[in-house]
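Geometric and topological summary
If you want the building blocks of each chain, they are given just below.
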Amino acid sequence: MGSFVASEIVKKMVQKEIPVKGSKALLLGFTFKENCPDVRNTRVIDIYRDLIEFGLDVTVYDPWVNKIDVQKEYGLDVSNNFHEIEGRYSAVILAVGHDKFRNFKLKDITEEKSIKFDIKSFFDISEVDFRL
């Protein structure tokens, strides 16, 4: 699944003529399921690794995670403070539908030319480019 998601994101970026290598991507959510801090068996790590392999600069934001646990288990620095992810992203991928993401305005964190992929059909279809 991770490879499929990453490939689709890269395809859409190429179609929109967004450079892939070095582009900033934001993964929203890392936990195994919504509104829960459990990161055991999360498949979001697969998406992260595949995006990194394509050359994207990936930031992971999840307000539920324990950063130390994620660092220990996956060797990954995750942000759980919204103010740490400031900036604009070429790709935003909603991987886990935490309630805290309901108030997100994707247009406020994306570049003018960007990809917004909603894996969980969480956001209104008008706010995203594609979803599963």
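Up top is the structure these notes are about.
Below: a short report on this structure. Model, not experiment: these values are computed from the prediction.

1. Points about the packing of aromatic side chains
Counted under the stated rule, the structure contains 8 aromatic pairs. Both rings, one in Phe30 and one in Tyr74, keep their centres 5.3 Å apart while their planes meet at 80 degrees; by these two values the pair is edge-to-face. With Phe30 in the loop between strand 1 (24-28) and helix 2 (44-53) and Tyr74 in helix 3 (residues 67-74), this residue pair connects regions lying 44 residues apart in the sequence. There is no split in this pair, since Phe30 and Tyr74 are both buried. Note on Tyr61 and Phe82: the rings are 6.0 Å apart at their centroids and 70 degrees apart in plane angle, and the pair reads as edge-to-face. Within this pair, whereas Tyr61 is found in strand 2 (residues 57-61), its partner Phe82 is found in the loop between helix 3 and strand 3 (89-94), the two being separated by 21 residues in sequence. The exposure class of Tyr61 is buried, given its relative accessible area of 7%. Classification of Phe82 by relative accessible area gives partly exposed; the value is 35%. An aromatic cluster is built from Tyr61, Phe82, Phe101 and Phe104, whose rings are joined through pairwise contacts.

2. Observations concerning a nonpolar patch on the surface
A cluster of nonpolar side chains, Met1, Phe4 and Leu132, forms an exposed patch at the surface whose accessible area comes to about 330 Å². Here Phe4 shows up in helix 1 (residues 2-15).

3. Examining helix 1
Between the first and last C-alpha of helix 1 there are 20 Å, a value that for 14 residues agrees with the 20 Å anticipated at 1.5 Å per step. Looking one or two residues beyond helix 1, the residue adopting positive phi is Glu17, at roughly 60 degrees.

4. Regarding the pairing of strand 1
In terms of burial, strand 1 is a largely internal element, 4 of the 5 residues being buried. Crossover connection from strand 1 via helix 2 to parallel strand 2: handedness right-handed. Where strand 1 meets strand 3, 4 bridges bridge the pair, whose relative direction is parallel. Paired with Leu26 across the bridge in strand 3 is Val92.

Conventions adopted
Residues numbered from 1 in each chain as written. Predicted model: local features only at pLDDT ≥ 70, side-chain atom pairs only at ≥ 80, totals over all residues. Heavy atoms only, no water. Phe/Tyr/Trp six-rings, centres within 6.5 Å; stacked < 30°, edge-to-face > 60°. Helix = DSSP H or I, 4+ residues; strand = E, 2+ residues; numbered from the N terminus. Buried < 20%, exposed > 50% of the residue type's maximum accessible area, 1.4 Å probe, protein only. Patch = residues over 30% accessible without salt bridge, like charges linked within 9 Å, V, L, I, M, F, W, Y side chains within 5 Å. Areas by Shrake-Rupley, 256 points an atom, 1.4 Å probe, with all protein chains shown as cover. Salt bridge = Lys/Arg side-chain N within 4 Å of Asp/Glu carboxyl O. Expected span 1.5 Å × (residues − 1). Right-handed = clockwise from strand over helix to strand, strands pointing away. Pairing = 2+ DSSP bridges.

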